[in-house]
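An overview of the molecular structure
Each chain is listed here by its residues.
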Amino acid sequence: MRRLALALVSLVGLSACGFTPMYGDTGVSGSLSRIAVTTQDDRLGYRVREQLEDALGRDGSQAPLWRLQTDLHQSRRSLGRRIDDTATRYELTVRGAWTLTPAGGGEPLGGVETVTTTYAAADQPYAAIAAQQDGEERAAAELARLIRLDIMRAMSAQP
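Residues numbered from 1 in each chain as written. Predicted model: local features only at pLDDT ≥ 70, side-chain atom pairs only at ≥ 80, totals over all residues. Heavy atoms only, no water.

Here we take up the overall build of the chain. A tally of helices and strands in the chain yields three helices and four strands. Beginning at the N terminus, the succession of helices and strands in the chain can be written as α-β-α-β-β-β-α. A buried classification covers 31% of the 159 residues belonging to the chain. Of all intrachain contacts in the chain linking residues separated by at least 6 positions in sequence, the fraction that spans at least 24 positions is 61%. (Helix = DSSP H or I, 4+ residues; strand = E, 2+ residues; numbered from the N terminus. Buried < 20%, exposed > 50% of the residue type's maximum accessible area, 1.4 Å probe, protein only. Contact = heavy atoms within 4.5 Å.)

Below is the structure:
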């Protein structure tokens, strides 16, 4: 009971000083659905765009208030070696620079995020392709999550 009272007092104190959670009704989460996403025209770009639109809750029925442009770079590095000098695992690093521009003009926001995932190197060709694509999908999902958090942080810091 004492903890509940302390939590209520803390909540009232925070709201009295102007604190608004990012996920609150008056926070930035409502305008995230009005962001149009543009990525490069390749498999990774498609996956990142798809993940970003899902993470932002893109509402295609409304005109976008913001335009999000991403610039993606990926690199793959082999990890571990078998006796025949073939890789046992790969490390995939995806670096995503993003720029968020108001549709009506104004000062753009931007940032850079980097994600690293690993996947196993398989002997069978189909299994190797599936493992690589799974690594790309996981990297795209994590990159979209980090970009969304960056955007929320940047938008909440604006007046």
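Here the focus is the pairing of strand 4 (residues 109-120). As judged from the 12 bridges shared by strand 3 (residues 87-102) and strand 4, these two strands associate in the antiparallel manner. Paired with Thr-99 across the strands is Gly-110, a residue of strand 4. Between strand 3 and strand 4, which pair antiparallel one after the other, the connecting turn spans six residues, and Gly-105 there sits at a positive phi close to 95 degrees. (Pairing = 2+ DSSP bridges.)

Before going further, it helps to spend a moment on helix 2 (residues 43-56). Counted at 1.5 Å a residue, the expected span for helix 2 with its 14 residues is 20 Å, and the 20 Å between its end C-alpha atoms agrees. At the C-terminal side of helix 2, Gly-57 shows a positive phi close to 70 degrees. (Expected span 1.5 Å × (residues − 1).)

Before going further, it helps to examine the nonpolar core. The biggest cluster of nonpolar side chains holds 30 residues, and the ones touching the most others in it are Ile-35, Leu-68, Leu-100 and Ile-151. Counting residues per element, the ones that place at least two in this core are strand 1 (35-38), helix 2, strand 2 (66-81), strand 3, strand 4 and helix 3 (125-157). Top contributing element to this core by residue count: helix 3, with 10 residues. Excluding its chain neighbours within four sequence positions, the residues that come into contact with Leu-100 are Ile-35, Trp-66, Arg-67, Leu-68, Pro-108, Leu-109, Ile-151 and Met-155. (Core = buried A, V, L, I, M, F, W, Y, C linked by side-chain atoms within 4.5 Å.)

Moving on, we get to the sheet that holds strand 3. A sheet is described by the order of its strands in space; here four strands give the open sequence 1-2-3-4, paired in mixed fashion. Each having just a single partner strand, strand 1 and strand 4 make up the two edges of the open sheet. Sheet twist, expressed as the average angle between the axes of neighbouring strands with direction ignored, equals 25 degrees. As paired elements, strand 2 and strand 3 share 15 bridges and run antiparallel to each other. Looking across to strand 3, one finds that Ser-75 is bridged to Thr-93. (Axes fitted to C-alpha atoms, helices over the stretch in contact; angles between N-to-C directions.)

Geometric descriptors of this kind do not, in isolation, establish any biological role.
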